[in-house]
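Residues per chain are reported as follows:
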Amino acid sequence: MTIDLEEFRGYLRIDKHALDQELAEQPGLFEKVGEAHALAVADKDAAKEELANVDARLDGIIRKSAGDKRVTDTAIKNRIQAHSKHRNAFAAYLTAKMRADQIAALKDAFHSRAYMLRELAGLAVSNYFETSSVKATPTTNRMVYSRQRERLAAARESREAE
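Residues numbered from 1 in each chain as written. Predicted model: local features only at pLDDT ≥ 70, side-chain atom pairs only at ≥ 80, totals over all residues. Heavy atoms only, no water.

Asker: Sorry if this is basic, but what is going on with the overall build of the chain here?
Answerer: Assigned secondary structure in the chain consists of five helices and zero strands. Written out in order from the N terminus, the α and β elements of the chain read α-α-α-α-α. What you see for the chain is a C-alpha radius of gyration of 33 Å, clearly larger than the 15 Å of a compact globule of 162 residues, by over 25%. Oriented by its inertia axes, the alpha-carbon framework of the chain measures out at about 125 × 30 × 20 Å. Burial status across the chain gives 21% buried among its 162 residues. A sequence separation of at least 24 residues applies to 81% of the contacts in the chain between residues at least 6 apart. For the chain, the accessible surface area stands at approximately 12100 Å², while carbon and sulfur atoms represent 54% of it. (Helix = DSSP H or I, 4+ residues; strand = E, 2+ residues; numbered from the N terminus. Rg over C-alpha atoms; globule rule 2.2 N^0.38 Å. Buried < 20%, exposed > 50% of the residue type's maximum accessible area, 1.4 Å probe, protein only. Contact = heavy atoms within 4.5 Å. Areas by Shrake-Rupley, 256 points an atom, 1.4 Å probe, with all protein chains shown as cover.)

See below:
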């Protein structure tokens, strides 16, 4: 199973006003990313094994072509490194490794997302996102106090004027 990294990066965003939906979707998303990670790691391991096989075949060919001439291991390794089959196998390995690493990072991000959902759910339970949960500050307390004094003074003046 392959996944579109950009699509799944978009799923990392959390809508704090739809936590019930986010919580319901999280396990399925995490499972898909985990499965994609396992497959990407398997592909990387297969590419690494193929690189080793290519190198072994090239080693045999180089040693056979040398015949009775004495060739050092370093010279053989250098010829293997320079061979196009080695470069192609190594490029395939690097591509598979990068994909596995990207999906591993995405898997870690979804793991963090699960913790954030738990924290946001706790905040929602405590009415953190409700306007009634706004706490007064010293500035707002002074403003409320001043406004109440003005109202009382106005009420006093209107009574005295009667």
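Asker: Can you walk me through the pattern of salt bridges in this structure?
Answerer: Pairing of side chains with opposite charge becomes possible as their charged atoms draw close. Tallied over the entire structure, the rule returns six salt bridges. Notably, a salt bridge pairs Asp-59 with Arg-63, separated by 2.8 Å at the nearest N-O pair. Here Asp-59 pairs with Arg-63, and both are found in helix H2 (residues 19-66), just four residues apart, close to one helical turn. For Lys-97, the salt bridge is made with Asp-101, and the minimal N-O distance between the two is 2.9 Å. In this pair, Lys-97 and Asp-101 both sit in helix H4 (residues 84-125), four residues apart, roughly one turn of the helix. Each of the salt bridges in this network shares a partner with another, and the network as a whole consists of Asp-59, Arg-63 and Asp-73. (Salt bridge = Lys/Arg side-chain N within 4 Å of Asp/Glu carboxyl O.)

Asker: Sorry if this is basic, but what is going on with the nonpolar core here?
Answerer: One recurring pattern in soluble globular proteins: nonpolar side chains tend to sit buried together. The biggest cluster of nonpolar side chains holds 11 residues, and these are Ile-3, Leu-5, Phe-8, Leu-29, Val-33, Ala-36, Ala-40, Ala-100, Ile-103, Leu-106 and Phe-110. The contact partners of Val-33, leaving out residues within four places of it in the chain, are Ile-3, Phe-8, Ile-103, Leu-106, Lys-107 and Phe-110. Counting seven residues, the second largest nonpolar core, distinct from the first, contains Leu-51, Val-54, Ile-62 and Ile-76. (Core = buried A, V, L, I, M, F, W, Y, C linked by side-chain atoms within 4.5 Å.)

Asker: What am I meant to see in H4 here?
Answerer: Quick reminder: α-helices carry 3.6 residues per turn. Residues three or four places apart thus point the same way. The first and last C-alpha atoms of H4 sit 61 Å apart over 42 residues, in line with the 62 Å expected at 1.5 Å per residue. Among the residues of H4, His-86, Ala-89, Tyr-93, Ala-96, Ala-100, Ile-103, Leu-106, Phe-110, Arg-113, Leu-117 and Leu-120 are the ones counted as buried. Summarising the contacts, the buried residues of H4 are in contact with helix H1 (5-10), H2 and helix H3 (73-82). Looking one or two residues past H4, Asn-127 carries a phi angle of roughly 60°, positive in sign. (Expected span 1.5 Å × (residues − 1).)

Asker: For this particular structure, what's the right way to read the packing of aromatic side chains?
Answerer: How two aromatic rings sit relative to each other is given by the distance of their centres and the angle of their planes. If you walk through the whole model with that rule in mind, you get three aromatic pairs. Centroid distance Phe-90 to Tyr-93: 6.4 Å. Interplanar angle 40°. Geometry classified as tilted. Here Tyr-93 and Phe-90 lie together in helix H4, a separation of three residues that amounts to about one turn. For Phe-90, a relative accessible area of 37% translates into the label partly exposed. Taking relative accessible area as the criterion, Tyr-93 reaches 14% and is therefore assigned buried. Taken together, the aromatic side chains of Phe-8, Tyr-11 and Phe-110 make up a single cluster linked through ring pairs. (Phe/Tyr/Trp six-rings, centres within 6.5 Å; stacked < 30°, edge-to-face > 60°.)

Asker: I tried to follow the side chain of Glu-22 on my own but got confused; where do I start?
Answerer: Of note, Glu-22 is situated in helix H2. Residue classification places Glu-22 among the buried residues on the basis of a relative accessible area of 10%. The contact partners of Glu-22, leaving out residues within four places of it in the chain, are Arg-13, Ile-14, Asp-15, Arg-113 and Leu-117.

Just distances and angles here, no functional claims.
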